[in-house]
Amino acid sequence: MFTHLISAEQLQALQASGQPLMVFDCTFDLSNPALGAELFAQAHVPGAVHADLDHFLSSQQTDRRASGGRHPLPLREDFAAALQTIGFRNDMQAVVYDRNGNNYCGRLWWMLKWAGHDAVAVLDGGLQAWEAAGGAVESGPAPRRARGQFALKPAL
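Here the structure is a predicted model, which means the values were calculated and not measured.

**Comments concerning the nonpolar core**
The tendency in soluble globular proteins is for nonpolar side chains to be buried as a group.
Logical step 1: Phe24, Phe88 and Leu108 are the most contacted members of the largest nonpolar core, which has 27 residues in total.
Logical step 2: Here this core takes 5 residues from helix H4 (residues 105-114), the largest share from any one element.
Logical step 3: The residues contacting phenylalanine 24, other than those within four sequence positions of it, are Val49, Ala51, Phe56, Leu83, Ile86, Phe88, Ala94, Val95, Val96, Tyr97 and Leu108.

**Observations concerning the pairing of strand E4 (residues 93-97)**
Logical step 1: Among the 5 residues of E4, 5 are classified as buried, and the element is accordingly described as predominantly covered.
Logical step 2: Both strand E2 (residues 21-25) and E4 contribute to a ladder of 5 bridges, which runs parallel. Each residue of the ladder has a partner; that of aspartate 25, found in E4, is tyrosine 97.
Logical step 3: As judged from the 3 bridges shared by E4 and strand E5 (residues 120-123), these two strands associate in the parallel manner. Bridge pairing in E5 links valine 96 to valine 122.
Logical step 4: Between E4 and its parallel partner E5, the chain crosses via H4, and the hand of that crossover is right-handed.

**Let's talk about the sheet that holds strand E1 (residues 5-6)**
Across a sheet, paired strands are connected by hydrogen bonds in the backbone, their directions being either parallel or antiparallel.
Logical step 1: With respect to topology, 5 strands assemble into an open sheet ordered E1-E5-E4-E2-E3, the strand pairing being parallel. Single-partner strands in this sheet number two, and they are E1 and strand E3 (49-50).
Logical step 2: Its contacts with the sheet place H4 against E2, E4 and E5, and it is angled at close to 170 degrees to E5.

**Brief notes about helix H1 (residues 8-17)**
Because each turn of an α-helix spans 3.6 residues, side chains separated by three or four positions in sequence point in the same direction.
Logical step 1: Those residues of H1 lying buried are Ala8, Leu11 and Leu14. Projected down its long axis, H1 carries its buried residues within an arc of 120 degrees, all on one side.
Logical step 2: In this structure, the buried side of H1 is in contact with E1, E2, E4, E5 and helix H5 (126-132).
Logical step 3: Among the residues trailing H1, glycine 18 stands out with phi positive, at a value near 80 degrees.

**Describing the packing of aromatic side chains**
Logical step 1: The tally for this structure, following the rule as stated, stands at 6 aromatic pairs.
Logical step 2: Consider the rings of phenylalanine 28 and tyrosine 104, whose centres lie 5.6 Å apart with planes at 70 degrees: the pair is edge-to-face. Taken together, the residues span a long stretch of sequence, with phenylalanine 28 in the loop between E2 and helix H2 (35-42) and tyrosine 104 in the loop between E4 and H4 at a distance of 76 residues. For the residue pair phenylalanine 28 and tyrosine 104, the accessibility class agrees, reading buried in each case.
Logical step 3: For the pair phenylalanine 88 and phenylalanine 150, a centre-to-centre distance of 5.7 Å together with 45 degrees between the ring planes defines the contact as tilted.

Here is what the cut-offs are and how they apply
- Residues numbered from 1 in each chain as written.
- Predicted model: local features only at pLDDT ≥ 70, side-chain atom pairs only at ≥ 80, totals over all residues.
- Heavy atoms only, no water.
- Core = buried A, V, L, I, M, F, W, Y, C linked by side-chain atoms within 4.5 Å.
- Buried < 20%, exposed > 50% of the residue type's maximum accessible area, 1.4 Å probe, protein only.
- Helix = DSSP H or I, 4+ residues; strand = E, 2+ residues; numbered from the N terminus.
- Contact = heavy atoms within 4.5 Å.
- Pairing = 2+ DSSP bridges.
- Right-handed = clockwise from strand over helix to strand, strands pointing away.
- Axes fitted to C-alpha atoms, helices over the stretch in contact; angles between N-to-C directions.
- Arc of directions from axis to C-beta.
- Phe/Tyr/Trp six-rings, centres within 6.5 Å; stacked < 30°, edge-to-face > 60°.

Laid out in C-alpha cells, this is it:
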C-alpha cells in the first residue's frame with residue numbers, strides 16, 4: 001500500500017500487478033477552468049479519471065458545502081457518493097497526479113484521507129515524470145466503470 005508518494009516505476013509495476021487501482025488526473029488551471037479537461041483528453045495515464053477542481057473536488061451547491069472559499073469542500077457524504085459514481089472502492093489504491101507541480105492532486109490526496117482512505121499516493125513528479133520514465137499515455141475520455149462501493153471511515 002502506498003500512502004504518500006509513488007514513483008512512476010512503482011505505478012507501472014502496480015498497474016501490471018492487477019491489484020485494485022484507480023489513477024486520478026487532477027490537472028486544472030484557475031485562469032482557464034476548461035483547460036484541465038482538455039489536457040486530460042489529449043494525454044493521461046492509461047485508465048485514469050479526471051478529477052476536476054470545480055466539479056469533483058468542490059461543491060457548487062451552497063447548501064452542500066463542508067467549508068467556505070472559492071472552492072469549498074463538498075460534504076463528506078457527497079464526496080463518497082461521487083467516488084462511488086466513478087467506480088472507486090475502499091479496497092483500491094488511489095494514485096493522484098497533475099501537471100501543476102502536484103498543486104491540485106494534493107487536495108484529492110487530502111480529501112481521500114479526510115474520507116478515511118489511507119491507500120492514496122501522489123505520483124512523484126506528475127505526468128511529466130510518468131512520461132520521462134517511459135510510461136504510456138492515452139487520449140480521450142475516461143473509461144466507464146461500474147458503480148463502486150465506498151464507505152466513509154473516520155478521517156485520518
